Amino acid sequence: MGAGGDFQGYVTTCPGACVTDSSCSVETEADCVGAGGNYQGDSSTCDGACCIDFVCTEVPEVACDGIFFGVGFFCDGLSVCPREPVPWVDDLTVPSTAVPRYGEAGGNARYEFRVLSILHSLNRALSPVPMWGVNGEIPGPTIEATQGQLVTVDFVNDLRRLDAPEEYITSHLHTVMECVKGPDTYGDAARLSLRVHGIHARAEYSGHPSRTILPGQTYTYKFPNQQPAATMWYHDAAQGLTRLNNYAGIGGFYHLMSAEERYSNVPQFPSGEYYIPLFISDVALDEQGVPDYPDEIAYAFAGEFPVVNGKIWPKTELKAGKYRFTLLNAAGKRPLALSFRLEGGDVIPFHAIAADQSYYSEAVLLEELIVYPSERYDVVVDFFHHRNRDVFLVNSDATTPRISRLVRFSIEDRSGFTAAFEKDGLPQPPFIDELLSVRNRTWVLDETSSGSCGASEFSINYQSFDEVEDVVCIGDVEVWEFANAFGAVIPMHAHLVQFQVLERFPVQFTDETFEIDGARLDAEPWERGVWKDTVACPPGQVTRVIARFEDFTGPFVVDSPVMEYRDKDMKRQFVVAKCDCDNDGVSCDNTEDAWGCPSDCALTSSAFCGDGICQAGDGETCGTCARDCRNKEGSCCVSGGLCEAECIGGGFACTEVAAPVNVACGDGLCEARETAATCAVDCSAVSTNASPYKSNPAQLPTPCHNVHGHSESHHCV
């Protein structure tokens, strides 16, 4: 008593830390056990290891602004935390819904998507790292659209230096191979091209890899949404940079609903809080915890850590009941074999209800689902009988480095969505009878021995991307046959169309041809009774699909969603054309265009004064197009038809190569150098040219056109 203390009476033990599911407090052992807590021992505290920017301190969880490893976990004398991600410390978040600048989300709306340089946290144990995000988010915001309602997107390359935000970046975030197509002309400039994978739209808005924008430029896309309801996704598709731009963080969902789905008050499937889209990719980290990618294209590149909705190994709590998930494989190459498993490994069966472009005619009961890059599947999982259990989304594919558990779902002891859902008679467009096909078109997938970068390249039909020989007449139905002569599965995708998977056959290759070498193979259970836009093509087989080519003409792309393959030329152009020609050699009529009727309709360069690129290869100079060919200091970017080095980058570009995409008279759009005199069928109703390109007004203060396609009172100088 002489010490001036307040005597509390004689006790046999000292209080200690009492840990419950949601908190920690100092209690006696008896009180802790009585409250159902976990007693940590006499005189213990609620302190634990806390890592902030790799520095470890011991504090209570409420005082930790970094990653808290738990009560009783200590730094053990170490002042530096491991620079590796830690599982199940980050919450799984659902991507935000895009907010339109004009109109209503889900209706006729106009959006602005700005690609920004950001610092993004992949895991609480790691410091934020430089990445690129659409509107600053990874994944980017989800576009909600409804059938028949126009969506317009102003896609802005607003990549700026993190240390000097007033300046645009002049080089890429990752090392660029400047010998592949695209960078062989533009160097390591951060070019972007928006692609909505699965969209049915004009060629100008289809995400052609050669239609790119540099920092400071804008490209406006218009999506009519005249197609079946589907969950699609958007990503970058720039020539030679696809793998790097998407690895940097560009991507998000595009959810197209039917009117019934949008306005129904009684959801047919779990919705609202019971719908969770999962954007699944992977990442490799260097010693500093920064995303790492090889300096050269790695055909077999796969990251060592899974990333789901922008986080490594996220977790979430779910109610006991049914949930609908969208499973998107957004990885560059890695296939996924996905299942839902309890802590002990037991499988929870689930129903696949939709894939890529439609619902199934009848829900498919599965225990595991193979998902190749860019494929999407919607599944319904019932957790009702798994209260107070942890369930994991697990990948069992053998691609190395192996990644297994992707997400942890902790099932609560309270009920959620428990209503039944329809498993058959689901809405979908009618299938195409193969008898309607007018042609079987073959695409041989292989690698070539002589690559421009000192290594093998991929090819389709042993030709390059620039060789355009395949013309499809608008309205035709064709069967496409993907014959895989390469030694691994190659997923394939075609712009513009949705298709049905018909069947496969084993084949024997001889030189550049093949013959059927075995019995017919049925499509996989999850490929039947559904519309697709991406299909897996196994090696040594021909995979047959059927599609109708309608509504839009122009150059489109067939390619592999494996981004490393695509950047090394596993892609080809095909042209959808108006083929009803009178060949009068006089005028381009409404039933003709330059692709199908070259004798009547003109095919011209897409180079446009005001697109921000000085196309020296198309004759643009400081005299004919000062707007594009003078840099910010006013000096000329072109000398004797050659580009000056100081005018490349920083939001400006100059190329001595002709524009890689042509403009066709008869396609219904007056653009580039077309006029009423040169293409009356497209331009007679408008007074000036229109283009989806736009450059930053701060750099190019005298616009020649705007992104809406309306005429203006002045001309390019």
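## Structural notes on the overall build of the protein chain
- A count of helical and extended segments in the protein chain gives 7 helices and 47 strands.
- When contacts within the protein chain are restricted to residue pairs at least 6 apart in sequence, long-range pairs at least 24 apart make up 69% of them.

## Some thoughts on the environment of Ala-672
- Checked against the element boundaries, Ala-672 lands in the loop between strand 46 (662–664) and helix 7 (680–683).
- Classification of Ala-672 by relative accessible area gives buried; the value is 4%.
- Ala-672 sits 66 residues away from Ser-606 along the chain, and the two C-alpha atoms are 5.3 Å apart.

## A word on the packing of aromatic side chains
- Per the stated rule, a full pass over the model turns up 36 aromatic pairs.
- Each ring, one from Phe-155 and one from Tyr-221, has its centre 6.2 Å from the other, and the planes form 75 degrees; the classification is edge-to-face. With a gap of 66 residues between them, Phe-155 in strand 12 (residues 151–157) and Tyr-221 in strand 14 (residues 217–223) connect regions that are remote in the sequence.
- On the accessibility criterion, Phe-155 (1% relative accessible area) is buried.
- Following the ring pairs from residue to residue traces out a cluster consisting of Tyr-274, Tyr-323, Phe-325, Phe-340, Phe-350, Phe-383, Phe-409 and Phe-417.
- Seen from the ring of Phe-392, Arg-405 lies directly overhead, with NZ or CZ sitting 3.7 Å from the centre.

## Focus on the state of the cysteines
- Under the counting rule described, the total for this entry stands at 11 disulfides.
- Put simply, Cys-18 and Cys-32 are joined by a disulfide, and their sulfur atoms are 2.2 Å apart. In this structure, the disulfide formed by Cys-18 and Cys-32 twists by about 85 degrees around the S-S bond and is classed as right-handed. Remark: Cys-32 occurs in helix 1 (residues 29–34) and Cys-18 occurs in strand 1 (residues 16–19); sequence separation between them is 14 residues.
- Assessed through its relative accessible area of 4%, Cys-18 is described here as buried.
- Bridging Cys-473 to Cys-579, the disulfide has an S-S length of 2.2 Å. The S-S bond linking Cys-473 to Cys-579 shows a torsion near -100 degrees; that makes this disulfide left-handed. Linking Cys-473 in strand 32 (residues 470–473) with Cys-579 in the loop between strand 40 (571–577) and strand 41 (603–605), this pair joins segments that are 106 residues apart in sequence.
- On the basis of relative accessibility, which here comes to 34%, the residue Cys-579 falls in the partly exposed class.

## Notes on the sheet that holds strand 11 (residues 143–146)
- Spatially, 4 strands are ordered 11-16-15-13 in an open sheet, and the strand pairing comes out mixed. Single-partner strands in this sheet number two, and they are strand 11 and strand 13 (194–197). Geometrically, the sheet is characterised by an average inter-axis angle of 25 degrees between neighbouring strands, direction not taken into account.
- The pairing of strand 11 with strand 16 (residues 252–257) spans 4 bridges and is classified as parallel. The partner of Thr-146 across the bridge, within strand 16, is Met-257.

## Some details on the environment of Glu-620
- Structurally, Glu-620 can be placed in the loop between strand 42 (613–615) and helix 6 (626–629).
- You can call Glu-620 buried: its relative accessible area is 5%.
- Look past the residues within four positions of Glu-620 in its chain and what remains in contact with it is Ala-607, Phe-608, Cys-609, Ile-613, Cys-614, Gln-615, Cys-625, Asp-628, Cys-629, Val-638 and Arg-673.
- Looking at Glu-620, its side chain comes within polar contact range of the main-chain nitrogen of Gln-615, at 3.0 Å.

## Topic: the pattern of salt bridges
- Under the counting rule described, the total for this entry stands at 35 salt bridges.
- For the salt bridge of Arg-376 with Asp-356, the shortest nitrogen-to-oxygen distance reads 3.5 Å. Of the two residues, Arg-376 is situated in strand 27 (residues 376–382) and Asp-356 in the loop between strand 24 (350–355) and strand 25 (358–366); the sequence distance between them amounts to 20 residues. Each member of the pair, Arg-376 as well as Asp-356, is classed as buried.
- Asp-470 is paired through a salt bridge with Arg-441; the nearest N and O atoms lie 3.0 Å apart.

## Looking at the pairing of strand 13
- Burial of the side chains of strand 13 extends over both faces: Leu-194 and Val-196 are buried on one face and Arg-195 and His-197 on the other.
- One ladder, built from 4 bridges, connects strand 13 with strand 15 (residues 230–236); its direction is antiparallel. The residue of strand 15 that forms the bridge with His-197 is Trp-233.

## Overview of the confidence of the model for the protein chain
- When pLDDT is averaged along the protein chain, the result is 87; 90% of the residues meet or exceed 70.
- Taken together, the stretch residues 697–717 has pLDDT below 50 and engages in 47 contacts with residues farther than four places along the chain or on a different chain.

## Focus on the sheet that holds strand 33 (residues 477–484)
- Pairing is mixed across the open sheet formed by 6 strands, whose spatial order is 31-30-33-38-35-36. Only two strands of the sheet have a single partner each, and these edge strands are strand 31 (457–460) and strand 36 (513–516). The sheet shows a mean angle of 30 degrees between the axes of neighbouring strands, taken without regard to direction.
- The pairing of strand 33 with strand 38 (residues 541–548) spans 7 bridges and is classified as antiparallel. Paired with Val-479 across the strands is Ile-546, a residue of strand 38.

Calculation notes
- Residues numbered from 1 in each chain as written.
- Predicted model: local features only at pLDDT ≥ 70, side-chain atom pairs only at ≥ 80, totals over all residues.
- Heavy atoms only, no water.
- Helix = DSSP H or I, 4+ residues; strand = E, 2+ residues; numbered from the N terminus.
- Contact = heavy atoms within 4.5 Å.
- Buried < 20%, exposed > 50% of the residue type's maximum accessible area, 1.4 Å probe, protein only.
- Phe/Tyr/Trp six-rings, centres within 6.5 Å; stacked < 30°, edge-to-face > 60°.
- Lys NZ or Arg CZ within 6 Å of the ring centre and 35° of its normal.
- Disulfide = S-S within 2.5 Å.
- Pairing = 2+ DSSP bridges.
- Axes fitted to C-alpha atoms, helices over the stretch in contact; angles between N-to-C directions.
- Polar contact = N/O pair within 3.5 Å; in protein donor to acceptor, adjacent residues only side chain to side chain.
- Salt bridge = Lys/Arg side-chain N within 4 Å of Asp/Glu carboxyl O.
- pLDDT = per-residue confidence, 0-100.

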